[in-house]
Amino acid sequence: MEISSFSFLEDSFSFAQDCEPSIISFSNAKKRPRCDDFESDSSVHDLLTKLLAFEEEKQVVNNLNGYSTQQSSVVMDSQCNQRMIDGASYLNGYSNSTDSPQFKKARTGADDAVTTSDDSSAAAIGGVQRRLWVKTRSNAWWEQVNSPNFPAEEFKKAFRMSRATFDMICDELEAAIVKKDTMLRSAIPVRQRVAVCIWRLATGQALREVSKRFGLGISTCHKLVLEVCTAIRSVLMPKFLQWPDENRTAEINKDFESFSGIPNVCGSMYTTHVPIIAPKVSVADYFNKRHTERNQKTSYSITVQGVVDQRGAFTDISIGWPGSMTDDQVLEKSALLRRANQGAMKNVRIVGNSGYPLMDWVLVPYTHQNLTWTQHAFNQKIEEVQRVAKESFMRLKARWSCLQKRTEMKLQDLPIVLGACCVLHNICEMRNEGLSEELRFELFDDEMIAENSVASVNALQARDQIAHKLLHHSFAGTDFVL
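Residues numbered from 1 in each chain as written. Predicted model: local features only at pLDDT ≥ 70, side-chain atom pairs only at ≥ 80, totals over all residues. Heavy atoms only, no water.

### Thoughts on the pairing of strand E5 (residues 265-276)
Condition: Exposed residues in this analysis have more than 50% of their type's maximum accessible area, buried residues have under 20%, and partly exposed residues fall in between, with area computed by a 1.4 Å probe over protein chains only. Strands are runs of DSSP state E lasting at least 2 residues, helices are runs of H or I lasting at least 4, and numbering of each runs from the N terminus. Strand pairing is assigned whenever DSSP detects at least two bridges linking the two strands.
For E5, the buried fraction is high: 11 of the 12 residues fall into the buried class. Two strands pair when backbone bridges link them, and E5 and strand E8 (residues 349-351) are joined in this way by three bridges, in the parallel orientation. Paired with valine 265 across the strands is arginine 349, a residue of E8. Judged from the nine bridges that link them, E5 and strand E6 (residues 300-308) form a sheet pairing that is antiparallel. Following the sheet pairing, tyrosine 270 is matched in E6 by glycine 306.

What follows is the structure, given as structure tokens:
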């Protein structure tokens, strides 16, 4: 607290000392006092004594105030220095404690953790180095499989393709999925990224098992599967899954006609169901009544409609429609029908089963009772063409076992994954990647006759003409005869 100097008292006191006694009056008397009276007046002496005492007291207080301020400054400097000394002692003690046997024992006891740090990015704070802690995972299986000495048969069994095909896929996708190393950790190599996705699709194993095989986190594996499937769909689908051009269409027509006798066939069409977990919304739309009745177990599914060529490679796919829809309803929603309505299917036909309607460009078997010999022979040839598509879908599900079991993937992610499976199927078919016998199974999808089985009268006449030619040109067999 600062004390005022009372300057007005100082001025009065100095003025009283300088002036002559004859001009100072301390009373109301009219008579001017004499000097001897002034000196003998006790009241004046008392006043002067008090003023002098006050001045001395003020000087003492000022001296004490200056000393207190200086002393406080010294105390604060002393406290600050003590804190700095204490902080340095603490850091030195912490640094020494990390070298103690107890600390090292605690560190070595954590077997499930490892520290990784980058010397260029580590920051020293008080002598302690920052570290990034990650869980220890073994990727010994992947290192063994990725080795050039790994048997080719075992590699194909794990990934459903040869090493050469796998390398080709990695080269095609490298630009789309490669990542750069960071200051904290190294990026996952392209080959390992592709391997995680393909092994997951091929085996249908849970993400936890994928994590154990490749030494990666569960969420990382899930992210890699979606990233690689998206890259396959965007990079490889335009190259390996496209509607054929005129030259390719003519080649397909020739191959189909060579073993069936049916002219102008550019593909065989089939629709299969992929089981899913009951969705959170629109549950009734995905309820598969036919599979539920046959398996005696509540089933939900989505559909995959595909058109294949004579080799079994897909030329058109429609994925993701709810499992409660019939084959003709899926066809009605597909882009294939829209292209046909725009005139893209002139002078060509696609062979389907009894679940599709008979149209100018869709050829289906006879479904009424009491068929004639000609109609039986025609149905047999239609079945041969249909077998190409059914066998292709069987190989699709056999190669990529994730399509045979319910998956935990989100419903909105399934079309991307299923599309990637179809592209990988085409690559394997085009590169003559055979399928082992142990993976083959009998594909069964319930066929329901379309409600509107005939959509064109002209198609009826064209089918009858084709059936007549097949019987009279020795293309129709007699296996149906008892």
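Still more to cover.
### Looking at helix H9 (residues 207-214)
So the rule is basically this: The arc refers to the directions leading from the helix axis to the C-beta atoms. The criterion used for residue contact is that any of the two residues' heavy atoms lie within 4.5 Å.
When we look at burial in H9, the residues that qualify are Leu207, Val210, Ser211 and Phe214. Burial along H9 is one-sided: seen end-on, the buried residues are contained in an arc of 100 degrees. Away from its buried face, by an angle of more than 90 degrees, H9 presents the exposed residues Arg208 and Lys212. Next to the buried residues of H9 lie helix H5 (140-145), helix H8 (190-203) and helix H10 (218-240). Looking one or two residues past H9, glycine 215 carries a phi angle of roughly 70 degrees, positive in sign.

### Quick word on the sheet that holds E5
Read across the open sheet, the five strands follow the order E7-E6-E5-E8-E9; overall the sheet is mixed. The strands lining the two open edges of the sheet, one partner per strand, are strand E7 (314-322) and strand E9 (362-363).

### Topic: the pattern of salt bridges
Defined as follows: A carboxyl oxygen of Asp or Glu within 4 Å of a side-chain nitrogen of Lys or Arg is what we treat as a salt bridge.
Per the counting criterion, the structure on display carries 15 salt bridges. Arginine 191 serves as the salt-bridge partner of aspartate 167, at 2.5 Å between the closest nitrogen and oxygen. With aspartate 167 in helix H7 (residues 163-177) and arginine 191 in helix H8, this pair connects stretches of sequence that are 24 residues apart. For aspartate 167, a relative accessible area of 26% translates into the label partly exposed. Here the salt bridges share partners, and the residues they tie into one network are Arg248, Glu251, Asp309 and Arg311.

### Some words on the environment of threonine 315
Looking at where threonine 315 falls in the secondary structure, it is placed in strand E7. Taking relative accessible area as the criterion, threonine 315 reaches 7% and is therefore assigned buried. Taking C-alpha positions, threonine 315 is 8.0 Å from glycine 267, a pair spaced 48 residues apart along the chain.

### Re the side chain of serine 392
Structurally, serine 392 is set in helix H16 (residues 373-399). Apart from the residues within four sequence positions on either side, serine 392 is in contact with Val308, Gly312, Phe314 and His425.

### Observations regarding the nonpolar core
Our working rule: Only buried residues count toward a nonpolar core, which is a set of Ala, Val, Leu, Ile, Met, Phe, Trp, Tyr and Cys residues joined through side-chain atoms within 4.5 Å.
Phe159, Ile169, Trp361 and Trp400 are the most contacted members of the largest nonpolar core, which has 100 residues in total. Counting residues per element, this core draws most heavily on H10, which supplies 11 residues. The residues contacting tryptophan 361, other than those within four sequence positions of it, are Leu331, Leu336, Leu337, Ala340, Met345, Val348, Arg349 and Ile350.

### A closer look at unusual backbone geometry
Despite not being glycine, asparagine 347 shows a phi value in the positive range, around 65 degrees. On the basis of relative accessibility, which here comes to 71%, the residue asparagine 347 falls in the exposed class. In this structure, asparagine 370 is a non-glycine residue whose phi angle is positive, near 55 degrees. Here asparagine 370 is to be found in the loop between E9 and H16.

### A short note on the side chain of serine 268
Worth spelling out the cut-off: We call two N or O atoms a polar contact when they sit within 3.5 Å, provided that within protein one can donate a hydrogen and the other can accept it, with sequence-adjacent residues counted only if both atoms are side-chain atoms.
Inspection of the secondary structure puts serine 268 in strand E5. What makes serine 268 buried here is its relative accessible area of 0%. Of the polar contacts made by the side chain of serine 268, one reaches the backbone oxygen of valine 385; its length is 2.9 Å. Leave out the neighbours within four places in its chain, and serine 268 touches Phe256, Gly306, Val307, Val308, Ile350, Val351, Val385, Gln386 and Ala389.

### Details of a positive patch on the surface
Definition in use: Patch definition: residues with relative accessible area over 30% and no salt bridge; like charges joined within 9 Å; nonpolar side chains (Val, Leu, Ile, Met, Phe, Trp, Tyr) joined within 5 Å. Where accessible areas are quoted, they stem from the Shrake-Rupley method and a 1.4 Å probe; at the residue level, only the protein chains shown are allowed to cover. When charges are counted, Lys and Arg contribute as positive and Asp and Glu as negative, whereas His and the chain ends are disregarded. A charged residue contributes its charge at one atom only: NZ of Lys, CZ of Arg, CG of Asp or CD of Glu.
A surface patch of like charges, here positive, comprises Lys135, Arg137, Arg208 and Lys212. Turning to its location among the elements, lysine 135 is positioned in strand E4 (residues 132-135).

### What to know about the environment of aspartate 316
With respect to the element layout, aspartate 316 can be found in strand E7. Judged by its relative accessible area of 8%, aspartate 316 falls in the buried class. In this structure, the C-alpha to C-alpha distance between aspartate 316 and leucine 241, residues 75 residues apart in sequence, is 7.1 Å. A distance of 2.9 Å separates the side chain of aspartate 316 from the side chain of arginine 339, its partner in a polar contact.

### With respect to H8
Here is the rule: Between the first and last residue of a helix there are one fewer steps than residues, each counted as 1.5 Å, and that sum is the expected span.
Taking 1.5 Å as the rise per residue, H8 with 14 residues should run 20 Å; its terminal C-alpha atoms sit 20 Å apart, in good agreement. Of all the 14 residues making up H8, 13 are buried; the element is thus mostly covered by neighbouring parts of the structure. Count one or two residues on from H8 and you reach glycine 204, which has phi positive near 70 degrees.

### A closer look at the pairing of E7
Pairing of E6 with E7 involves six bridges; the strand directions are antiparallel. Across the sheet, glutamine 305 pairs through a bridge with serine 318, a residue of E7. The turn linking E6 back onto E7 is made up of five residues, and glycine 312 within it adopts a positive phi angle of 95 degrees.

### Description of the packing of H10 against helix H17 (residues 414-430)
Condition: Axis definition: a line fit to C-alpha positions, over the contact stretch in the case of helices; interaxial angles, taken between N-to-C directions, run 0 to 180 degrees. Geometric relationships in this document are graded by angle, where less than 35 degrees denotes roughly parallel, more than 145 denotes roughly antiparallel, 65 to 115 denotes roughly perpendicular, and other angles denote oblique. In a left-handed crossing the near helix is turned counterclockwise from the far helix by less than a right angle, and in a right-handed crossing that turn is clockwise. Residue type decides the class: Asp, Glu, Lys and Arg count as charged, Ala, Val, Leu, Ile, Met, Phe, Trp, Tyr, Cys and Pro as nonpolar, and the leftover types, Gly among them, as polar.
At a minimum axis distance of 8 Å, the contact between H10 and H17 shows a crossing angle of 50 degrees. One element, H10, and the other, H17, form an angle in the oblique class. Of the two possible hands of crossing, H10 and H17 adopt the one that is left-handed. Of H17, the residues touching H10 (which contributes Leu226, Cys229, Thr230, Ile232, Arg233, Leu236, Met237 and Phe240) are Pro415, Ile416, Val417, Gly419, Ala420, Val423, Leu424, Asn426, Ile427 and Met430. Of the residues assigned to the contact of H10 with H17, the class counts are 14 nonpolar, three polar and one charged.

### As for the packing of aromatic side chains
Using the following cut-off: In this analysis, rings of Phe, Tyr and Trp, with Trp reduced to its six-membered ring, are considered paired at centre separations within 6.5 Å, and the interplanar angle assigns stacked below 30 degrees, edge-to-face beyond 60, and tilted for intermediate values.
Under the defined criterion, the tally for this structure stands at 13 aromatic pairs. Measuring from centroid to centroid gives 5.8 Å for phenylalanine 256 and phenylalanine 259, while their planes differ by 50 degrees, and the two rings are tilted. A residue pair is termed a helical-turn pair when its members lie 3 or 4 positions apart in one helix, as phenylalanine 256 and phenylalanine 259 do in helix H11 (residues 246-260) at three residues. The class for phenylalanine 256 is buried, based on a relative accessible area of 0%. Taking the centre distance of 5.9 Å and the plane angle of 65 degrees together, the rings of phenylalanine 287 and tyrosine 300 count as edge-to-face. In this pair, phenylalanine 287 is assigned in the loop between helix H12 (283-286) and helix H13 (289-295) and tyrosine 300 in strand E6, connecting sequence segments 13 residues apart. Tyrosine 300 gets classed as buried once you look at its relative accessible area, which sits at 17%. Grouped by ring-pair contacts, the aromatic residues Trp141, Trp142, Phe155, Phe159, Phe166, Trp199 and Phe214 constitute a single cluster.

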